[in-house]
Amino acid sequence: MNFLRGVMGGQSAGAQPSGTETIQKLCDRVASSTLLDDRRDAVRALKSLSKKYRLEVGFQAMEHLINVLQTDRSDSEIIGYALDTLYNIVSNDLEEEEQEENSQKQADDLGRQFTEIFIKQQENITLLLTFLEEFDFQVRWPGVKLLTSLLKQQGPQVQQIILVSPMGVSRLMDLLADSREVIRNDGVLLLQQLTKSNAAIQKIVAFENAFERLLDIVTDEGNSDGGIVVEDCLLLLQNLLKNNNSNQNFFKEGSYIQRMKPWFEVGDDNSGWSAQKVTNLHLMLQLVRVLVSPTNPPGATSSCQKTMFHCGLLHQLCTILMATGVPADILTETINTVSEVIRGCQINQDYFASVNAPSNPPRPAIVVLLMSMVNERQPFVLRCAVLYCFQCYLYKNQKGQGEIVSTLLPSTIDATGNSVSAGQLLCGGLFSTDSVSNWCAAVALAHALQENATLKEQLLRVQLATSIGNPPVSLLQQCTNILSQGSKVQTRVGLLMLLCTWLSDCPIAVTHFLHNSANIPFLTGQIAENLGEEEQLVQGLCALLLGICIYYNDNSLENYKKEKLKQLIEKRIGKENFIEKLGFISKHELYSRAAQKPQPSFSSPDHMMFDHEFTKLVKELEGIITKAIYKSSEEDKQEEEVKKSLEQHDNIVTHYKKVIREQDQQLEELKQKVNTLKSQNEQLQTAVTQQISQIQQHKDQYNLLKVQLGKDNQHHSSHSDMLQMNGIQPEEISKLRQEIEELKNKHEVLQGQLREKDSVIENLKSLQSVTGITEQSSQIAASSGLEHANELHRELEALRIQIQSQSSDISKLQSEKQELLQQMGLFRTKPYCWGKAQNTASVAALGHSSAVVAAKNNELEGRLLQEIKELKNEVKALSEEKALLKQHLDSINSTVAVLQDEKSKLHQEVAESKKEQDDLLVLLADQDQKILALKDKLKELGEPVEDEDDIESGDQGDEDEEEDGEEED
């Protein structure tokens, strides 16, 4: 300990050892000491010296420190000291504070060298990952810091080692779940370094639920009002999503875009924005732009744009856009974000067009933004952002383009002048004295005409009033007038880009341009002159415009046909010189910058020369114009013929496409009809099968009835024989049959009476309805209502008496029917027994009257023959009925309509047969219920009604009288 005390600053009598010697002795002690406490003290001493003697400790102690990590893993304290020492050796953060600028590069190289030494053995990184699993703060936190520093120094190499390590990334993801904020926050920094420029690790981290955890941290920290932890989480989210289509799709499908909406909830009081809040909100806006960047696949971008609209995120962004008190850089980034959210998405563009600024009167957001764009007092970056927003609003939006151009047309201009339209602002900026406003307005108007030949033709109608007393001038003529006046280069470049966009693919606009005889001489004069470098860009654009006039010329003007313009170029300029001037455009440095991305980003207003969409047009037209210049008149004629043939071919193709489209529609209609017919056929088939099954059932029933009839006839013949033999005469049988017929007639009469009662009940209902109507005037005619109620009461009593009498008749008939059925059953079941008993009693009588018996037998044989004939007739009739049934079956199969009719008839017959077999008491019970219901309604109307007991007693008396009368009869 005296040795360590001397090393740590204690006084000694002898000479002080140098730092290198002290470090060497400490390394020896770490390597050779057997006591853990001695090694721990030595490592602690190395840690304290590693900041001042970084080089010496790194070269002498690194191997020993790694050995300590491998051998002393059970002691967390010595492991923590060793990790801190390695962090001091590898990290350059401490050196940034202490080193001067001239030695900073040397320090960076030193940290990189020590990192290479450490990661040369991949087992060291694997060992470090195991320490990150320890929960002990003294081990875990230094391990996180050391791995972060290693990733800063040698990121790709360390990333590859972690990627191949089993569960390497998963171990690091556990740091986000640590309850200690220090470790969690440093874990976010570690994942930032780990996910830089490595798509494989980015995917693994994303699928380890990183989005959920990071968004939870941002929410817990207060969203945009949070501290630097929110900033670190947002930077990590950008690493995971930027240029990673898989993670972007996972982020969208996981419904994480909806969780971004609360980030942009800005209150009414926007004063006092902190620097951290501005930074956080700036990163949040950039994260939204990452998801809808124009460089992403179109499908993914469109999906994210629609999700942002439906979840209300676009609404929140537009609220910030129109809010007051928002810092300028946040407002600029918000405009850029809204631009990319609406770019190419029709639903978002329509919503943006409907947004109004909170002014009095309300103005569209587009108009307010254009006012900022043409205002030279606004910041240059803000004006560029507004131009980008306007371009994105018009991108692939023909509806929006038409609305902008319509504000310039004479029929839609507000004559009162109370409101300023977008078209008026663009014209004002186009002809203002500020060159930036000229350029921005020209580019904005060019985007309103992009790929829309109809609007290019309509814009030719625009007339401008230049000064009082002078006639109006067309917009096209005014643009060429400003060009000829020799304004600033930036203004002329903007106007030439507008004219090139306007005239391309629009022969009518080319004709209008050529009508002005001064335009072609001006262009040829500009191209032919040898001017400075600043004017070369203007010369190239003039050459492009002249080439467009040649290529899209329809030869309608005699003096400016294609061939004459080519001859003019060859005489005044020269073809080679013309092509060289045309090439000045694509060779310009600013052209290359503008062609990289759609967003206009310029370091200064002087660099604002080219638009991204215009670079595409130049790339498309440069080769075409070059070929057109070198073509001869014959080749032009051939080309025109080819164009005509192609047009004819296109017309033929269009015609056939139309025919095919119509045939497709007809096919679809026919398919639908076939499907409906199939369904109808299936329904009819099921109906036919049901009908066939019912017919088969009826056949079976018919066969059963036929068999039963044959048995009954046989039994009847044998039964009649036995009856004659047993003393029962045929007269008695005929009498029984007559009684059965009478019962049937009575049954029919009762049914008729029931129908009459139903009609009476219906009349009562109608009378009740009339009574309900007359109830409203009961106060006026009370006496007449009472008389009517008495009449109803008398009719009700009469109906009650009739029903009671009929019910008694029905009961008597039913009892008689049951007796007859019992007698018939006795006759059928016990003929032989009964006959045997009778035979025993009359043996003697039969002996004396054999002659009489013989006569009776002869008579019986005659009757049997007659009955057999009758049975044959019945069988013949049944066979005829069978033939009729067959014909009926054939008619059913012939048409579906007949089947339906027969089905309904069969159902009616079955229903009638069931109704005939139902008990008549059910009908009487229904009538009782109806009468009771009418009685209740009469009670409700206030009419007196007798009780049931009185009626029953009266009815009983009536029944007794009727029974007496019947007995007398």
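Here the structure is a predicted model, which means the values were calculated and not measured.

*Asks:* How would you explain the overall build of the protein chain if you had to name every residue and give the values?
*Replies:* Counting its regular elements, the protein chain contains 46 helices and four strands. Classification of the 969 residues of the protein chain by burial places 41% in the buried group. Counted over contacts in the protein chain with a minimum sequence separation of 6, partners at least 24 positions apart contribute 73%. Taken as a whole, the protein chain presents about 52,700 Å² of accessible surface, with 51% of it coming from carbon and sulfur.

*Asks:* Quick one: what's the story with the environment of K196, residue by residue and with numbers?
*Replies:* Residue placement: K196 occurs in the loop between α12 (181–194) and α13 (199–207). A sequence separation of 42 residues divides K196 from Q238, and the C-alpha atoms of the two residues are 9.8 Å apart. With sequence-adjacent residues up to four places away left out, K196 is seen in contact with Q159 and N239.

*Asks:* For helix α25 (residues 422–430), give the residues involved together with the corresponding values.
*Replies:* Most of α25 sits inside the fold, with seven of its nine residues counted as buried. Buried within α25 are the following residues: A422, G423, L425, L426, C427, G429 and L430.

*Asks:* Outline helix α30 (residues 507–515), supporting the account with residue identities and numerical values.
*Replies:* Residues of α30 that are buried include every one of A509, V510, T511, F513 and L514, and no others. Packed against the buried residues of α30 are α28 (475–484), α29 (489–503), α31 (519–528) and α32 (533–551).

*Asks:* Residue-level account of the nonpolar core, with values.
*Replies:* Residues L147 and F610 are the most contacted members of the largest nonpolar core, which totals 206 residues. If sequence neighbours within four positions are ignored, L147 has contacts with L128, L129, L132, V158, I162, L172 and L190.

*Asks:* Can you tell me about the pattern of salt bridges, naming the residues and giving the values?
*Replies:* Counting across every chain of the model gives 23 salt bridges. In this structure, K47 engages D84 in a salt bridge whose closest nitrogen and oxygen atoms are separated by 3.4 Å. Linking K47 in helix α3 (residues 36–49) with D84 in helix α5 (residues 76–90), this pair joins segments that are 37 residues apart in sequence. For K47, a relative accessible area of 28% puts it in the partly exposed group.

*Asks:* Before we move on, can you summarise the packing of aromatic side chains with the specific residues and values?
*Replies:* For the structure shown, the criterion picks out 15 aromatic pairs. Considering the side-chain rings of Y591 and F610, the 5.6 Å spacing of their centres and the 90 degrees angle between planes classify their relative orientation as edge-to-face. Of this pair, Y591 sits in helix α36 (residues 589–594) while F610 sits in the loop between α36 and α37 (612–630); the two residues are 19 residues apart in sequence, bridging distant segments of the chain.

About the thresholds
Residues numbered from 1 in each chain as written. Predicted model: local features only at pLDDT ≥ 70, side-chain atom pairs only at ≥ 80, totals over all residues. Heavy atoms only, no water. Helix = DSSP H or I, 4+ residues; strand = E, 2+ residues; numbered from the N terminus. Buried < 20%, exposed > 50% of the residue type's maximum accessible area, 1.4 Å probe, protein only. Contact = heavy atoms within 4.5 Å. Areas by Shrake-Rupley, 256 points an atom, 1.4 Å probe, with all protein chains shown as cover. Core = buried A, V, L, I, M, F, W, Y, C linked by side-chain atoms within 4.5 Å. Salt bridge = Lys/Arg side-chain N within 4 Å of Asp/Glu carboxyl O. Phe/Tyr/Trp six-rings, centres within 6.5 Å; stacked < 30°, edge-to-face > 60°.

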